[in-house]
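The primary structure of each chain is shown beneath.
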Amino acid sequence: MTTPGEVTTAEPMAPEQHPMSRFLREDRMPHIWCSSCGLGTTLTCFIMAVVESGIDPKDMAVISGIGCTGRVAGYLNFDSFHTTHGRAIPFATGLALANPDLRVVVYSGDGDLVAIGGNHFIHAARRNMDILCVCVNNFTYGMTGGQAGPTTPITAKATTAPYGSYEYPFNIPYLAVASGANYVARWTALHMRRLKNSFREAINKKGFRVIEIISPCPTAFARKNRLGTGLDVLKYYHANSIIQHGADPKDADIEMGGKIIVGKFLDVDRPCYRDYVTESISRQLGGK
Amino acid sequence: MAEDRRVLTGEHFLNGDHACAEGAMAAGCKFFGGYPITPSSEIAERMSERLPEVGGIYLQMEDELASMNAILGAAWGGWKSMTCTSGPGFSLMMENLGLGVVLETPCVLVNIQRGGPSTGLPTLVGQADMMQARWGSHGDYEIIALAPNSPQEMFDLTYKAFDLSERYRVPTLVMSDECVGHMSEKVVIPPAGKMPEVQRKYTTKKPGEYLPFDHPAGGVAPMVKAGDGYNIHVTGLTHDERGYPVINAEAQDVMVRHLIDKINKNRDDIIDVEEIDVEGADVIIVSYGISSRTCYRALDMAKEEGLKVGMFRLVTVWPFPEEQVRELAKRVKAFVVVELNFGQIYYEVERCACGNAATYLVPHAGGDIHDPADILAALKEAAK
Amino acid sequence: MEFWRKPLDADQVKVPHGQIYVIKERCKGCSFCVEYCPRDVLEMSEEFNKKGYHPPVAVRQEDCVACGLCELICPEFAIHVELIKEEEEATQKPEV
């Protein structure tokens, strides 16, 4: 984007050339996401944050699991890995340890990260592994047609919860904070600038960082629950989001038709896994 | 300093698990993602002590799913990596063994087999995962699996497994068992000069020209690692040479055929067997791992009784040495397959015998090893 | 630009202008950009793209202040804004 006062292009831009194209696998566009899905917006915010951070794309790797959000890795022109369902975090763990110069980003969905991959999520947070974990939460399994998942709000309908979900959903920021993450924030797909700033802040931090993004799924979740189009869902976010930096994440539960507490819940600098490895090994083995 | 510690040169009295760890160290393994499980835990313990000495990392994962994935990640980060497991852990690794196969990722997975199914016999021997090693992950693929029968071979074959996994860009299995893992014997580790670190082949092509999943004439493409500036895309979906997902029958045919061909067309290079008195034998024992050690005794007993018996020991189990068994079947009366299960490699031998030679099995449910007398009885029956 | 209360330095502030580009064939017609443009520059067009969606059109291009919100909210990478440089703007009178 041509931010006022910041970027001036020497040549007029070709109208068909999007300024973000060098970060995208243009040969794979258009992406598969539905009309008015929020995923593309979150990706734009992420790319802009990378641009603003001034990080060389070659120093960044993006790992995704399976699902709609799992396709992110395939569209970003970084070293990108599309792994099995739920396993993005352990794959990223190995990658981050083998190449400590890489900034490793896991970009995946709620079902992938906190259902099938829930164990990996809490343990990576516990270890404070050097991973930025982006969790796009649309409250459902979109790719498979809208089944109930670990974040589906109680009473919300899904193709496998035709009478409404009976289960308490995970509160992802609370889970992340309790498990030991260094940085935890939540935004909706409508909080673009705040989300971008959060990305930029988190990219430059160490340890396990979690950004949850509440995002509309017009095709599955919104339709099943008669919430209207993606635009209607964004309007709902506009009317119902409350920005509360530093809020206690245990108060940030999400209920159908309720308020959504967003903001930065946690920002600490607990030493990460590699800090401990480096310190301990050099102390005990003499700097090998 | 790190190089000094890579190869533990000398004569040692080691158990199979520790010898396996030393084989991995010698090969240049830098990352071990593990989850404790009897009887393989000694490998993880040894690696947790040894890896930091060479700047590597041992990470105790939350489960075997994570272990398998972490070693794939580490491999794409440029490190040689391995994990070990047994029983239920091997089942959990199957999902991402398939990912490793489809991502053509070099890494080593050691299975110290115990009795199953399920939790089964955590502390006692079994050899009933042999077919799981071949077919355990869903979909069609070929795999390499080696079966050591002594601590010395645990060292040698683990080293070799790293070499094969790099050359064919495939996860390579070391299918050992509880007895070999826990047996202590002399292990000779050569000087570092004779045990060079296993090298990965990296591309010399420029970004834009490089295809990470190219398959030049039955071979594999050299690799890159994340951070090299190639902006590679790697996916578990069916993909083309660029690594981009392509969801149709044509792409599936090209990709799966490549995964199979790269192993099958190089069988002569991969397969290693030990043949004892095969020439002129009437009956041939086919065995591997700890069972083959029992067979050495049975072989002697049979010879004392005047039987013309030989032995065909599988050092490489997968790919199965089909051609050799087919040829032998034309010359011998019968095969006697000795393994700690109710027939796994037995069916492979029977298939390759094509009716030219009878095939007998000496079954055993595991928990213990065969009695050489049972093997002798089978040899006598087969020789009739 | 209309202000609720006019800033004291309003006559010195130069309002930037942007050129909006729409990559029509990428658009999936979600209308996020139209809804959230703070200057109401965009409208959904009557025109169809190849996929059958109505891409947006800048009906009040001169009102665009290059805030970039449309570019940021577009899930399809289908719209972007270029800041018109000052010298190019010299002929235009800044609207205050």
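The coordinates are above.
Now for a description of the structure that goes with this document. Each residue is numbered by its place in its chain's sequence as written, counting from 1. Key to labels: chains lettered from A, ligands numbered from 1, both in the order written. Where totals are concerned, whole chains, interfaces and linings use all residues; where local detail is concerned, this predicted model gives features only for residues with pLDDT of at least 70, and gives and counts side-chain atom pairs only at 80 or more. Where side-chain values are given, they derive from all heavy atoms of the structure, hydrogens and water being excluded.

A separate point is the interface of chain C and chain A. What makes two residues a contact is simply this: any of their non-hydrogen atoms within 4.5 Å. Taken together, the contact pairs 31 residues of chain C with 43 residues of chain A. Across the chain C/chain A interface, buried area totals approximately 3,000 Å², and carbon plus sulfur atoms make up 61% of it. Here the quantity called buried area is the accessible surface, traced with a 1.4 Å probe, that two parts lose on coming together, added over both. Broken down residue by residue, the surface that chain C buries against chain A is led by Tyr36, Leu72 and Phe77 of chain C, which jointly contribute 25%. One speaks of a salt bridge when a side-chain nitrogen belonging to Lys or Arg is within 4 Å of a carboxyl oxygen belonging to Asp or Glu. In this assembly, chain C and chain A are joined by two salt bridges. Across the pair glutamate 35 of chain C and lysine 235 of chain A runs a salt bridge, and its minimum N-O distance is 3.7 Å. Residues adjacent in sequence count toward polar contacts only when both atoms are side-chain atoms; beyond that, a polar contact is any pair of N or O atoms within 3.5 Å, and within protein one must be able to donate a hydrogen and the other to accept it. Inspection of the chain C/chain A interface yields ten residue pairs in polar contact (both at pLDDT 80 or more). Per the convention used, a helix needs a DSSP run of H or I reaching at least four residues, while a strand needs a run of E reaching at least two, with both numbered from the N terminus. At the level of elements, β1 (18–22), α1 (32–36), α2 (69–73) and β4 (79–83) of chain C are the ones that each hand at least two residues to the side of chain C that touches chain A. Looking at the side of chain C that touches chain A element by element, the count peaks at five residues for β4 of chain C. Each residue belonging to the side of chain C that touches chain A can be placed in one class, and the counts come to 19 nonpolar, four polar and eight charged. Side-chain classes follow a simple rule in which Ala, Val, Leu, Ile, Met, Phe, Trp, Tyr, Cys and Pro form the nonpolar group, Asp, Glu, Lys and Arg form the charged group, and the remainder, Gly included, forms the polar group.

The next subject is the pattern of salt bridges. In total, this model carries 48 salt bridges over all chains according to the counting rule given. Of the charged contacts, one joins lysine 206 of chain A and aspartate 275 of chain A as a salt bridge, the two residues approaching to 3.4 Å between their closest N and O atoms. Placement of lysine 206 of chain A in the loop between α7 (192–203) and β6 (209–214) and of aspartate 275 of chain A in helix α10 (residues 273–285) is noted, with a sequence separation of 69 residues between them. Accessible area is worked out with a 1.4 Å probe on protein chains only. A residue is then buried under 20% of its type maximum, exposed over 50%, and partly exposed in between. The exposure class of aspartate 275 of chain A is partly exposed, given its relative accessible area of 31%. Note that glutamate 76 of chain C is salt-bridged to lysine 28 of chain C, the shortest N-O span being 3.3 Å. Of this pair, glutamate 76 of chain C sits in the loop between α2 and β4 while lysine 28 of chain C sits in the loop between β1 and α1, and the two are 48 residues apart along the sequence. The class for lysine 28 of chain C is buried, based on a relative accessible area of 8%.

What follows is about the nonpolar core. Judged by nonpolar contacts, the single largest core of 146 residues is most densely connected at Phe121 and Phe208 of chain A together with Ile43, Met47, Trp76, Met82 and Phe335 of chain B. For methionine 47 of chain B, the contacting residues outside a window of four places in its chain are Ala21, Ala24, Met25, Cys29, Phe32, Pro52, Tyr58 and Met82 of chain B. Counting residues in hydrophobic clusters, the runner-up holds 59 residues, among them Met48, Ile214, Leu234 and Ile260 of chain A. Grouping buried Ala, Val, Leu, Ile, Met, Phe, Trp, Tyr and Cys residues that are joined through side-chain atoms within 4.5 Å yields what is termed a nonpolar core.

Turning next to the interface of chain A and chain B. Often, the extent of an interface is quoted as the loss of accessible area upon association of its parts. The interface is formed by 37 residues belonging to chain A together with 42 residues belonging to chain B. Across the salt bridge formed by aspartate 27 of chain A and arginine 242 of chain B, the nearest N and O atoms sit 3.6 Å from each other. Between the two partners, chain A and chain B, sit 22 residue pairs in polar contact (both at pLDDT 80 or more). Elements supplying a minimum of two residues to the side of chain A that touches chain B: α2 (72–75), β2 (79–82), α3 (88–98), α5 (118–127) and α10 of chain A. The element contributing the most residues to the side of chain A that touches chain B is α3 of chain A, with seven residues.

Only the six-membered ring of Trp is used, alongside the rings of Phe and Tyr, when aromatic pairs are assigned; centres must lie within 6.5 Å, and planes under 30 degrees apart are stacked while those over 60 apart are edge-to-face, with the rest tilted. Enumeration according to the criterion identifies 15 aromatic pairs over all chains in this entry. Look at phenylalanine 139 of chain A and phenylalanine 221 of chain A: their rings are 5.4 Å apart centre to centre, the planes differ by 45°, and that puts the pair in the tilted class. With phenylalanine 139 of chain A in the loop between β4 (132–137) and α6 (172–179) and phenylalanine 221 of chain A in helix α8 (residues 218–224), this residue pair connects regions lying 82 residues apart in the sequence. Take phenylalanine 139 of chain A: its relative accessible area is 8%, and that puts it in the buried class. Within the aromatic cluster, the residues linked to one another by ring pairs are Phe23, Phe46, Phe78, Tyr107 and Phe199 of chain A. Any Lys NZ or Arg CZ found within 6 Å of a ring centre and within 35 degrees of that ring's normal is scored as a charge over the ring. Its end group placed over the ring of tryptophan 135 of chain B, arginine 134 of chain B keeps NZ or CZ at 3.8 Å from the ring centre.

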